[in-house]
Amino acid sequence: MKRTVIATTTALMLTAGMARAVHVWEDPGAWGSGIFVYNVPPDARYTANELSLDLSGSYIAGERHLTKLFETDIRGHRGEWGGNAGLNYFFARNLGIGGNINMSANGGKFVDQALGNVILRVPLDPTGLSPYIFGGGGRGFDPSWEWFADGGVGLEYRPNATTGIFTDAAYMFHLKDGSSDRLLLRAGLRLAF
C-alpha cells in the first residue's frame, strides 16, 4: 500500500512537471522575464505616501563662508569622506520630509550630524528624473555640539518605481558664532517602499 501511494504521488508530480516544461519550451522568454522587473507606467515612479531609504557615500568639508563655496576641492585634505543613511516620506507626490545622519571617517564620534528637512521635488515623468530642493536644520555632534540650518539641491533618477540613484549638495549654516559652515555632498542609492 505504501509503495502504491509513493508511486502515484511521484507519477503525478512528474506529469505536472512535464506540463510546465512544455510551457517553458513554447515561450522561453515568459518564464523568467518578470522575476527582477517591476514595470509601472512612467508617471507612477514618484507617488504620494511614499517611504524611501537613502544609503550613500558622503563628503563633508568646512567652509569659511557661502561666498567661498566654489573654492572647495574634494581632492585636497580639507574634507572627510564617509557614509550617510536617511529616511524620506512624501505626503504628496511633490512634497515630503526627510531625515538623515552622516558618519565621517574622522576618528571621532560615530555620527557627526543629524539633519531634518522639508523636500520639494519636481518629477519629470517620462524621463525618470526628479530635481529637488530641500531645507531644514539639525544638530552637529562632531567636531563640536552645535545647531545649524541647511539648504540644498539634488537630482534623482529612477529606472523603476522602487530603485533610484541620487546626488545632492547641502550647505550647512552654523548658528553659533565662531564656527565654520560646512558643505555636505552625497551620492547613493534610494529604495522606495
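As shown above, the structure is provided for reference.
Since this is a predicted model, take the numbers as computed values, not measurements.

Caption draft 1: Structural view of the overall build of the chain. Helices and strands together make up the secondary structure of the chain, namely two helices and eight strands. Residue pairs in contact within the chain that sit at least 24 positions apart in sequence constitute 55% of those at least 6 positions apart. Counting every atom, the chain has about 11,700 Å² of accessible surface; 69% of that belongs to carbon and sulfur.

Caption draft 2: Summary view of the environment of L120. Here L120 lies in strand β4 (residues 113–121). L120 sits in the partly exposed class, given a relative accessible area of 42%. Separated by 10 residues in the primary sequence, L120 and S130 have C-alpha atoms spaced 10.0 Å apart. Ignoring anything within four residues of it in the chain, the contact list for L120 reads N94, P131, Y132 and I133.

Caption draft 3: Layout of the sheet that holds strand β8 (residues 181–192). Strands sit in the order β1-β2-β3-β4-β5-β6-β7-β8 around a closed barrel of eight strands; the barrel is antiparallel. On average, each strand axis in the sheet is tilted by 25 degrees relative to the strand beside it, whichever way the strands run. Pairing geometry for strand β7 (residues 163–174) and β8, over 10 bridges, is antiparallel. Looking at the pairing, M172 lines up with R182 of β8.

Caption draft 4: Structural context of the side chain of S58. Within the secondary structure, S58 is located in strand β1 (residues 50–63). Here S58 falls in the buried class, since its relative accessible area comes to 2%. In this structure the side chain of S58 is engaged in a polar contact, spanning 3.5 Å, whose partner is the backbone nitrogen of G83. For S58, the residues in contact, after removing those within four places along its chain, are E80, W81, G82, G83, N84, N102, L184, L185 and R186.

Caption draft 5: Spotlight on the side chain of R121. Mapped onto the secondary structure, R121 falls in strand β4. A polar atom in the side chain of R121 sits 3.2 Å from the backbone oxygen of T47. Engagement of the side chain of R121 in a polar contact is seen with the side chain of E50, the distance being 3.0 Å. What R121 contacts, discounting residues up to four positions off in sequence, is Y46, T47, E50, F90, R93, N94, S130, P131, Y132 and R158.

Caption draft 6: Layout of the pairing of strand β2 (residues 79–90). Here β1 runs beside β2; their pairing, made up of 12 bridges, is antiparallel. Looking at the pairing, S52 lines up with N88 of β2. Inspection of the sheet shows β2 paired to strand β3 (residues 95–104) by nine bridges, in the antiparallel sense. In the sheet register, L87 faces β3, and the bridge partner there is G99. Once β2 ends, the chain turns through four residues before running back antiparallel as β3.

Parameters at a glance
Residues numbered from 1 in each chain as written. Predicted model: local features only at pLDDT ≥ 70, side-chain atom pairs only at ≥ 80, totals over all residues. Heavy atoms only, no water. Helix = DSSP H or I, 4+ residues; strand = E, 2+ residues; numbered from the N terminus. Contact = heavy atoms within 4.5 Å. Areas by Shrake-Rupley, 256 points an atom, 1.4 Å probe, with all protein chains shown as cover. Buried < 20%, exposed > 50% of the residue type's maximum accessible area, 1.4 Å probe, protein only. Pairing = 2+ DSSP bridges. Axes fitted to C-alpha atoms, helices over the stretch in contact; angles between N-to-C directions. Polar contact = N/O pair within 3.5 Å; in protein donor to acceptor, adjacent residues only side chain to side chain.

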